[in-house]
Amino acid sequence: MKSFLNYLLPDDEYKRTRILYFLGESAVILALGAFIFAALEIFLFDLGEFDIAITLFIVFGFIGTYTYMRYIFSGIEFTNVYNQKQYKKERKFRFIAAISSGFVFFIVIFLFNGKPSNTEDWFDIIGPSVFFIIFLFLFDYISLKRSYRKNKELTDD
Amino acid sequence: MVNRIKLARMEKGWTQEQLASRVKATRQTIGLIEKGEYNPSLNLCIAICKELGKTLDELFWEGF
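Scope of this entry: the structure provided in the associated data block. Worth saying up front: this structure is predicted, and the values here are computed from it rather than measured.

**Let's talk about the overall build of chain B**
Consideration 1: The helix and strand tally for chain B stands at 5 helices and 0 strands.
Consideration 2: Walking chain B from its N terminus toward its C terminus, one meets helices and strands in the order α-α-α-α-α.
Consideration 3: Relative to the 2.2 N^0.38 estimate, which gives 11 Å for 64 residues, the radius of gyration of chain B is 10 Å and therefore close to what a compact globule would have.
Consideration 4: With the principal axes as the frame, chain B shows a C-alpha extent of 30 × 20 × 20 Å.
Consideration 5: Looking at chain B as a whole, 44% of its 64 residues qualify as buried.
Consideration 6: Surface accessibility of chain B: about 3600 Å² in total, with carbon and sulfur atoms responsible for 51%.
Consideration 7: Taking the 10 positively charged and 8 negatively charged side chains of chain B as two groups, their mean positions are separated by 5 Å.

As structure tokens, this is what we get:
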């Protein structure tokens with residue numbers, strides 16, 4: 001089937017199908033939510049003025065977050081982790097990757113904010129970087145753990 | 001949908017990983033197909049049949 005999505009989706013057809021389902025689910029939930037809010041606004045009460053930028057950001061954020069969460073919890077990311085050795089190796093790699101990405105994140109904030117002049121400024125840079133590392137590793141860890149569990153159930157070798 | 005992929009694969013002496021790489025799928029996908037938890041597309045069925053030297057009937061048809 002011809003679609004620009006073909007360039008964004010993985011080659012493996014199972015993974016591809018699941019991701020399309022996740023995207024489809026997020027779109028349906030979003031459409032339902034939009035319909036309910038529109039109906040409430042028109043027929044029941046005034047919900048007030050909506051900031052267009054925030055509304056668009058919520059739409060983007062919901063689709064991205066929902067699809068990503070379904071993806072990591074479905075255990076389809078790490079398709080080749082089948083034993084304890086591979087699991088530990090991947091976990092170590094993901095930890096190093098999270099630290100490295102956190103460092104890049106730190107540099108980017110540092111460049112945007114400029115050189116910190118006091119302790120509070122330093123916390124404003126270090127704090128988000130630490131949270132970035134924690135969440136990145138946490139999501140990778142959940143995905144890895146789920147994938148490993150799923151793979152173990154499927155193996156026969 | 002029944003399938004006799006696992007049997008045919010074992011006849012060839014291949015692992016799930018080996019079959020997966022031959023049909024350009026992941027090992028997880030092959031495992032899911034063998035367990036009957038995922039119905040592959042016709043294209044993937046044909047690719048699997050070709051690699052295992054079997055017909056669609058031999059691998060997927062009920063009561064064959």
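On we go.
**Let's talk about a nonpolar patch on the surface**
Consideration 1: On the surface, A:Trp122, A:Ile126, A:Val130, A:Phe131, A:Ile134, A:Phe135 and A:Leu138 cluster together into a nonpolar patch covering about 640 Å² of accessible area.
Consideration 2: With relative accessibility at 39%, the residue A:Val130 sits in the partly exposed group.

Rules used throughout
Residues numbered from 1 in each chain as written. Chains lettered and ligands numbered in written order. Predicted model: local features only at pLDDT ≥ 70, side-chain atom pairs only at ≥ 80, totals over all residues. Heavy atoms only, no water. Helix = DSSP H or I, 4+ residues; strand = E, 2+ residues; numbered from the N terminus. Rg over C-alpha atoms; globule rule 2.2 N^0.38 Å. Buried < 20%, exposed > 50% of the residue type's maximum accessible area, 1.4 Å probe, protein only. Areas by Shrake-Rupley, 256 points an atom, 1.4 Å probe, with all protein chains shown as cover. Lys, Arg positive; Asp, Glu negative; His and termini not counted. Charge placed at Lys NZ, Arg CZ, Asp CG, Glu CD. Patch = residues over 30% accessible without salt bridge, like charges linked within 9 Å, V, L, I, M, F, W, Y side chains within 5 Å. Salt bridge = Lys/Arg side-chain N within 4 Å of Asp/Glu carboxyl O.

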